[in-house]
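Close look at the chain arrangement
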Amino acid sequence: MAKITFIQPDGASQVVEAEPGVTVMEAAKLNNVPGIEAECGGACACATCHVYVDQAWRERTGKPSEMEEDMLDFAFDVREESRLCCQIKVTAELDGLIVRVPGKQF
Amino acid sequence: MTAQDVGTGDGSGAGPVETDAVVIGAGPVSLFAVFELGLVDIKAHVIDILDKPGGQCAELYPEKPIYDIPGLTVVTGQELTDRLMAQIKPFGATFHLGERVDELKRLADGRFLLRTDKAREFVTKVVVIAAGGGSFTPKRPPLEGVEAFEGISVHYSVRRMEDLRGKDILIVGGGDSALDWTLNLAPLARSLTLLHRRDEFRGAPHSVEKMRALAAEGRIRLLIGQVTALHGAGGQLEAVTVKVKDGEERLAVNAMLPFFGLTMKLGPVADWGLNLHENLIPVDTEKFETSEKGIFAIGDINWYPGKLKLILSGFHEAALMAQQAHKYVYPGKKLLFQYTTSSTSLQKKLGVR
């Protein structure tokens, strides 16, 4: 199991346990993390699971694919560290991952 | 009640379209409903707000694989749509695309009157709501107070280009809509800025080229950044704050066109007097009928205990719905249950015999 910390805009944080192989979005939904809507169910077809990856973890989560970049165009307040968390697969390497939930999903 | 009593339809003077069934939505479940209705001799008109059939399959994931359609190991959203369109061809449904059903009410004779946003009217014996997540509507940027500007100086679509003549226009987005409107409005705007979060565009390459040429000639301004605040009063936009790479910029504009794609909203369905449960329409699991007799709801938009939002569940719901619809369209006529494998009459309808 990998521990993932979701930090809300108000600073509240929630640590969830995720099985390697699921996506960070699925881990959020399974644990009712607020602010992760995932309207399309993980098809990379909306932009409602937008998160900011903590600087220390950006290298390990990698860069968005071209498809994900295109979809990020539909997110609000996109930053360098923006990702759609349905496109981040949980691995043992990501144990301890920290992501921030944006103030608004579109 | 005669046709004249219920209005003038599409304005052609021909009156409303009279039909047996109207299917609201043109997603996969709607398309299969046309098939099941067709097998029991019910002709349908299909209305959808998108300009193409397929619903979410065509709009959200045309190229993405679907693995749980029985008998098809893998199929893309677009291919499933194309296959369904081929499968329902024998039943000659009439499609009304790019239209939204705004009103639905029961007439004195028990039939239903529907009216679209293009003022087209239908009088029908049964209504099948297969509207999925609701109607696709433009995404509203979550900027504070944006509602106050909508329809006055913030527009999600362009109805009349002339209304924007001489304006200082801000177009936001990086897809085809943003690019097309940039190209179309540049000649008549007083100034035009195209704002996108990155210096890469999803739109058609030739549109990107044309846009870059206009920017190079100084006829438009291409700005990389994101809107963070709107300024103005009484619905009239005066300026926007834009977050750019190294700071902020205040941009004086009096019209803004944000193009952030589409999202699904329940929309007018909520106003039709049907019982709703968390924005879904409760139905029984025998006929998939709503709280109103003759109005059915199938696919993602309905709810019943154990409901799964799967295309295959919607297909099943369509088959059972058609059995009950037959009772309303052909009262008193016995419906013989038949298989397409062996029934001569069904095979004739399918045009394979």
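Thresholds, definitions, all that
Residues numbered from 1 in each chain as written. Chains lettered and ligands numbered in written order. Predicted model: local features only at pLDDT ≥ 70, side-chain atom pairs only at ≥ 80, totals over all residues. Helix = DSSP H or I, 4+ residues; strand = E, 2+ residues; numbered from the N terminus. Rg over C-alpha atoms; globule rule 2.2 N^0.38 Å. Buried ≥ 20, exposed ≤ 12 C-beta atoms within 10 Å, placed from the backbone. Contact = placed C-beta atoms within 7 Å. Nonpolar A, V, L, I, M, F, W, Y, C, P; charged D, E, K, R; others polar. pLDDT = per-residue confidence, 0-100. Axes fitted to C-alpha atoms, helices over the stretch in contact; angles between N-to-C directions. Parallel < 35°, antiparallel > 145°, perpendicular 65-115°, else oblique. Left-handed = near helix turned anticlockwise from the far one by under 90°. Domains from an automatic or database assignment. Expected span 1.5 Å × (residues − 1). Pairing = 2+ DSSP bridges. Core = buried A, V, L, I, M, F, W, Y, C linked by C-beta atoms within 7 Å. Right-handed = clockwise from strand over helix to strand, strands pointing away.

1. Considerations on the overall build of chain A
Broken down by element type, chain A carries 3 helices and 5 strands. Put simply, chain A runs from its N terminus to its C terminus through helices and strands in the order β-β-α-β-α-α-β-β. Relative to the globule expectation of 13 Å for 106 residues, the C-alpha radius of gyration of chain A, 12 Å, shows essentially globular dimensions. Considering only C-alpha atoms, chain A reaches an extent of 30 × 30 × 25 Å along its principal axes. When burial is assessed residue by residue, chain A has 37% of its 106 residues classed as buried. When contacts within chain A are restricted to residue pairs at least 6 apart in sequence, those whose partners lie at least 24 apart make up 64%.

2. Describing the overall build of chain B
In terms of helices and strands, chain B carries 8 helices and 19 strands. If one aligns the C-alpha atoms of chain B with their principal axes, the spans along those axes are about 70 × 50 × 40 Å. Looking at the 353 residues of chain B, the share that counts as buried comes to 39%. In chain B, once contacts between residues fewer than 6 apart in sequence are set aside, the share between residues at least 24 apart is 60%.

3. Describing the interface of chain A and chain B
Accessible area lost upon the coming together of the parts is a frequently used measure of interface size. On the chain B side, the residues contacting the 11 residues of chain A number 14 residues. Along the lines of polarity and charge, the residues of the side of chain A that touches chain B split into 7 nonpolar, no polar and 4 charged.

4. Examining the confidence of the model for chain B
Regions with low pLDDT carry predicted coordinates that are not meant to be interpreted in detail. Residues and elements named next belong to chain B. When pLDDT is averaged along chain B, the result is 93, and 96% of the positions lie at 70 or above. Throughout residues 1-11 the model reports pLDDT below 50, and contacts reaching past four residues in sequence, or to other chains, amount to 26 contacts. This complex was scored by the predictor with a pTM of 0.81 and an ipTM of 0.88.

5. Section: the packing of helix H1 (residues 28-39) of chain B against helix H3 (residues 77-88) of chain B
Residue and element names in this part refer to chain B. Running from N to C, H1 and H3 cross one another at 15 degrees; their axes reach a closest spacing of 9 Å. Regarding the angle of H1 to H3, the classification is roughly parallel. H1 and H3 meet at a crossing whose hand is left-handed. Contact with H1, carried on its side by Pro28, Leu31, Phe32, Val34, Phe35 and Gly38, involves Leu80, Thr81, Leu84, Met85, Gln87 and Ile88 of H3 and no other residues of that element. By residue class, the composition of the contact of H1 with H3 is 9 nonpolar, 3 polar and no charged.

6. What to know about the packing of helix H5 (residues 176-185) of chain B against helix H6 (residues 205-216) of chain B
All names here are of chain B. Packing of H5 against H6 leaves a shortest axis separation of 10 Å and a crossing angle of 45 degrees. Between H5 and H6, the interaxial angle falls into the category oblique. Seen along the crossing, H5 lies across H6 with a hand that is left-handed. Contacts between H5 and H6 involve Asp176, Leu179, Asp180, Thr182 and Leu183 from the first element and Ser207, Val208, Lys210 and Met211 from the second. Split by residue class, the contact of H5 with H6 holds 4 nonpolar, 2 polar and 3 charged.

7. Some details on the domain arrangement of chain B
Looking at the assigned domains, one finds that chain B contains domain 1 (3-136 + 263-349) and domain 2 (147-260). Each of domain 1 of chain B and domain 2 of chain B has a C-alpha centre, and these two points are 38 Å apart.

8. Details of H1 of chain B
Residues and elements named next belong to chain B. Relative to the 16 Å expected for 12 residues at 1.5 Å per residue, H1 spans 17 Å between its end C-alpha atoms, a close match to the ideal helical length. Along H1, 12 of the 12 residues are buried, which leaves the element largely enclosed by surrounding structure. All buried positions along H1 are accounted for by Pro28, Val29, Ser30, Leu31, Phe32, Ala33, Val34, Phe35, Glu36, Leu37, Gly38 and Leu39. The first or second residue beyond H1 is Asp41, which carries a positive phi of 65 degrees.

9. Digging into the sheet that holds strand S14 (residues 247-252) of chain B
Residue and element names in this part refer to chain B. The 6 strands are arranged S14-S13-S12-S11-S10-S15 in an open sheet whose pairing can be described as mixed. At either margin of the open sheet sits one strand with a lone partner, and together these are S14 and strand S15 (255-258). Here the strands of the sheet are splayed against their neighbours by 35 degrees on average, with no regard to which way each runs. Sheet strands touched by H5: strand S10 (168-172), strand S11 (191-196) and S15. Its angle to S10, the strand with the most contacts, is close to 160 degrees.

10. Considerations on the sheet that holds strand S2 (residues 13-18) of chain A
Residues and elements named next belong to chain A. The strand order S2-S1-S5-S3-S4 describes an open sheet built from 5 strands, whose pairing is mixed. The two strands at the open ends of the sheet, each matched to only one other strand, are S2 and strand S4 (82-84). Averaged over all pairs of adjacent strands, the angle between strand axes in this sheet comes to 35 degrees, irrespective of strand direction. Inspection of the sheet shows strand S1 (residues 2-7) paired to S2 by 6 bridges, in the antiparallel sense. Considered in S2, the bridge of Ile7 is made with Ser13.

11. Remarks on unusual backbone geometry
Phi angles above zero are rare outside glycine, and Cys44 of chain A is one such case at about 55 degrees. Note on placement: Cys44 of chain A falls in the loop between helix H1 (24-30) and strand S3 (50-53).

12. Regarding the nonpolar core
Residues Val24 and Cys85 of chain A together with Ile169, Leu170, Ile171 and Met256 of chain B are the most contacted members of the largest nonpolar core, which totals 63 residues. Membership of the second largest hydrophobic core comes to 53 residues, among which are Val29, Ile129, Ala130 and Ala325 of chain B.

13. A look at the pairing of strand S1 (residues 17-24) of chain B
Residue and element names in this part refer to chain B. In terms of burial, S1 is largely enclosed, as 6 of its 8 residues are buried. Here S1 pairs with strand S8 (residues 121-129) via 7 bridges, running parallel. Across the sheet, residue Ile24 finds its bridge partner in S8, namely Ile129. In this sheet, strand S2 (residues 44-48) lies alongside S1 in parallel orientation, the contact comprising 4 bridges. What sits directly across from Val23, in S2, is Val46. Handedness of the crossover joining S1 and S2 through H1: right-handed.

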